[in-house]
Amino acid sequence: MKAIDPSELVERENYKFLTGSIIPRPIAFVTTLSKELVLNAAPFSYFNIISANPPMISVSVQRSNGVMKDTSRNAIEQKEFVVHIADESYLEQLNVTAKNLPSNESEVDAANLTPVISLKVKVPGIQEAKVRMECILEKAIPLGGTEKAPACELLIGRVVQYHIHEELYQNGRIDAEGLRPISRLAGNLYSNLGEFLELERPK
């Protein structure tokens, strides 16, 4: 085994090791509203479940050269956001939204995606996604970097509404094959669901 001290690496080197080994990573496609009511959208692969009681999820949004991204700023100001599960059906459009646009331009418009009204938050969702979750911001935690210049914001959202495509809903569960989720690897690589493996947990 090659032993490497992360404190001796620059940020980009640590990034390559982390994103190349912690794979596959689910992708949160997040919509937020600015104070000027511009609908922002962006994908993030630093994404996971926190709790089921109450249902909470986390999205880590990295800063760009120390500057907070639109997603973090909007979520903190408006106290809400919508998380969509990335799937194969709109992957090309999702990729378009990864482009850095000025805050007064909507990635949703640029990608020709379809906004849809939410039930419990003001932020619209995206119709193309088969699963989306309306979230209230529980906490926004600045982490990494320095105290005055954090490296990211960890957004913790409490899910207040699920939207699940009817064809995926099966007796309280979601059909994974029907969802056809997309995950992030390193560089420009993505992965689909691939082969299933089933193991019973020890009792």
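Not measured: the values here are computed from a predicted model.

Conventions adopted
- Residues numbered from 1 in each chain as written.
- Predicted model: local features only at pLDDT ≥ 70, side-chain atom pairs only at ≥ 80, totals over all residues.
- Heavy atoms only, no water.
- Helix = DSSP H or I, 4+ residues; strand = E, 2+ residues; numbered from the N terminus.
- Buried < 20%, exposed > 50% of the residue type's maximum accessible area, 1.4 Å probe, protein only.
- Polar contact = N/O pair within 3.5 Å; in protein donor to acceptor, adjacent residues only side chain to side chain.
- Contact = heavy atoms within 4.5 Å.
- 1 Å grid on protein atoms, 1.4 Å probe; cavity = no way out; pocket = protein on both sides within 12 Å on 5 of 7 lines; lining within 4 Å.
- Points joined across faces, edges and corners; volume = space filled by probe spheres on them.
- Nonpolar A, V, L, I, M, F, W, Y, C, P; charged D, E, K, R; others polar.

J.: Would you explain the side chain of Ser 45 in this entry?
T.: In this structure, Ser 45 sits in the loop between β3 (39-44) and β4 (47-52). Among the residues examined, Ser 45 registers a relative accessible area of 14% and is labelled buried. Polar contacts involving the side chain of Ser 45 include one to the side chain of Arg 25, which spans 3.1 Å. Once you skip the residues sitting within four places of it in the chain, Ser 45 turns out to touch Arg 25, Pro 26, Ile 27 and Arg 184.

J.: I tried to follow the layout of surface pockets on my own but got confused; where do I start?
T.: Sizing a probe to match a water molecule and rolling it over the atoms shows the empty space that remains. Of the volumes computed, that of the largest pocket is approximately 1,500 Å³. Around the largest pocket, the lining is made up of 49 residues, and of these Phe 44, Gln 62, Arg 63, Ser 64 and Lys 69 lie nearest the centre. Broken down by secondary-structure element, the contributors of at least two residues to the lining of the largest pocket are α1 (11-21), β3, β5 (55-62), α2 (70-78) and α3 (91-96). For the lining of the largest pocket, the element with the most residues is α1, which contributes seven residues. Here the lining of the largest pocket is composed, by residue class, of 20 nonpolar, 18 polar and eleven charged. Quantified by volume, the second largest pocket comes out at close to 800 Å³. Lining the second largest pocket we find 28 residues, and of these Ile 49, Ile 85, Met 133, Ile 174 and Leu 179 sit closest to its centre. Of all the secondary-structure elements, those providing two or more residues to the lining of the second largest pocket are β1 (25-26), β4, β5, β9 (131-143), β10 (152-164) and α5 (176-179). The biggest single contributor to the lining of the second largest pocket is β4, with five residues. Considered class by class, the residues forming the lining of the second largest pocket number 22 nonpolar, five polar and one charged.

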